[in-house]
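Observations on the three-dimensional arrangement
Each chain, written out:
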Amino acid sequence: MHIQIVGLHAPNAPRLRALLGPGHEVEALHAFPEAGAIQSDVVISNSISAEEAARLRCRLVHVPGAGSEQIACPSLPSGTMVCNVHGHEVPIAEFTLHAILEHFLQLWQYPAQLDAAAWAQAYANRAPHDEADGKTVAILGFGHIGQEIARRARACGMHVIAVTRGGKQGPEDQAHEFVAVSALDDVLARVQVLVVCCPLDDSTRGLIGARQLALLPAQSLLVNVARAEVVDEQALYEALRDKQLGRAVLDVWYQYPKRARAPVNPSRWPLHELPNVRATPHISAMTPALLERRYRFMARNIERLQQGQPLLNVIYLAP
């Protein structure tokens, strides 16, 4: 079988080649050709424009992650399958728990080097920090990632509110409360941490806006490990700038670097300049173990395709 890995994941072609073994040709491309049909059995990419999708002649488009909003699915030729892959929930949950504990422990207020010059003043001016135990965290989106975050938050003694589309009650050992997204405004005033880990679609774009941010307590923390656009960009900046919102840890952004284009800030608003923002470059899931899990999954799906078996994680079939 012929497999093309296109874009950011092209450097992982040797990894997939080793997993698949002989009988498969794995080609790394930094970008799709500018014209003509794109011929391959499998295309692996996290971004395919409508124009590129219309030129695809493949059986399977495999997204090398969970989010598929950058794949122009409606433009794919009839019969093309689209699959995604998870495996990122553990590192993202650990990243989120670190953000929560950092917010309450406030270790940044102490000197980076506790030497003789700093020791006396640091000791004399010790201030009490807070604790996560007994605090309430609302988790917007309760899939693979949300459930892993909840498990860790509960272990720290936090009260967990799971916010889902329908608010269907789940197991008591997953969350203390389950509420529908339509009732989100009713719970925001009593949470100290809001974690955003839901998919981005038409129903969630801008879901957290000025009204929702104003409902949060003034010292609360917002952690976004989903997609930036779930939170209104201007409203977030203004709430943080005006100290209406205590802090934010942002691992996902509104603008990303593009090849052969001018450099851009991560946001159209200077979020990265605010002292109460912890800005990270979309790294919450990036571990060697994640890549191993994801590429093993994709290799297994490619083998299933070759053998005529049903594929795993099919999220779209072009009509």
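Heads up: these notes are all about the structure in this document. Being a predicted model, the structure only gives us computed values, none of them experimental. In this numbering scheme, every chain counts its residues from 1 along its sequence in written order. Per-residue local features of the predicted model are confined to residues with pLDDT of at least 70, and side-chain atom pairs are confined, for both listing and counting, to 80 or more; whole-chain, interface and lining totals are unaffected and use all residues. The basis for every side-chain value is the complete set of heavy atoms in the structure, and neither hydrogens nor water enter the calculation.

1. Remarks on the sheet that holds strand 7 (residues 81–83)
Note on sheets: strands pair through backbone hydrogen bonds, and any given pair is parallel or antiparallel. Between any two strands, at least two bridges found by DSSP are needed for them to pair. To qualify as a helix, a DSSP run of H or I must reach at least 4 residues; to qualify as a strand, a run of E must reach at least 2; elements of each kind are numbered from the N terminus. With mixed pairing, six strands are arranged side by side in an open sheet as 2-1-4-6-7-15. Among the strands making up the open sheet, the edge pair consists of strand 2 (25–29) and strand 15 (314–317). The sheet shows a mean angle of 20° between the axes of neighbouring strands, taken without regard to direction. Both strand 1 (residues 2–6) and strand 2 contribute to a ladder of five bridges, which runs parallel. Residue pairing in the sheet places His2 in a bridge with Glu25 of strand 2. For every element, the axis is a line fit to its C-alpha atoms; helices are fit only across the contacting stretch, and the angle between N-to-C directions ranges from 0 to 180 degrees.

2. Things to note about the side chain of Arg152
Mapping Arg152 onto the fold places it in helix 5 (residues 144–155). Here a polar contact is taken to be a pair of N or O atoms separated by no more than 3.5 Å, where protein atoms must pair a possible hydrogen donor with a possible acceptor and residues adjacent in sequence count only if both atoms sit in side chains. Within the structure, Arg152 has its side chain in polar contact with the side chain of Glu148 (distance 2.6 Å). The contact criterion used is simple: two residues touch if any of their non-hydrogen atoms lie within 4.5 Å. Arg152 has contacts with Val90, Ala93, Glu94 and Leu97, leaving out every residue within four places of it along the chain.

3. A word on the sheet that holds strand 13 (residues 247–250)
Taken in spatial order, the seven strands line up as 10-9-8-11-12-13-14 in an open sheet, and their pairing is parallel. Strands with a single pairing partner mark the edges of an open sheet, and in this sheet they are strand 10 (177–180) and strand 14 (277–279). Between one strand axis and the next, the sheet turns through 15° on average, direction left out of account. For strand 13 and strand 14, the ladder comprises three bridges, and the chain directions are parallel. Within the sheet, the bridge partner assigned to Leu250 lies in strand 14 and is Ala279. Against the sheet, helix 5 contacts strand 8 (136–140), strand 9 (159–164) and strand 11 (193–196), and its axis sits at roughly 170° relative to strand 8.

4. Concerning the state of the cysteines
Put simply, a disulfide is two cysteine sulfurs that come within 2.5 Å. Following the criterion strictly, the structure yields zero disulfides and no others. With no disulfide of its own, Cys58 has Cys83 as its nearest cysteine by sulfur position, at a separation of 11 Å. By relative accessible area, which is 11% here, Cys58 ends up buried. Between Cys198, a free cysteine, and Cys197, which holds the nearest cysteine sulfur, the sulfur-to-sulfur gap is 7.1 Å. For the exposure calls, accessible area comes from a 1.4 Å probe over protein chains only, and a residue counts as buried if that area is under 20% of its type's maximum, exposed if over 50%, partly exposed in between.

5. Some words on the pairing of strand 1
For a regular strand, side chains alternate in direction, first toward one face of the sheet and then toward the other. Burial within strand 1 is extensive, with five of its five residues counted as buried. Of the two faces of strand 1, the one carrying His2, Gln4 and Val6 and the one carrying Ile3 and Ile5 are both buried. With helix 1 (residues 13–20) bridging strand 1 and its parallel neighbour strand 2, the resulting β-α-β unit is right-handed. The handedness rule is simple: strands pointing away from the viewer, and a clockwise path from the first strand over the helix to the second, make the crossover right-handed.

Worth remembering: the numbers are spatial, not functional.
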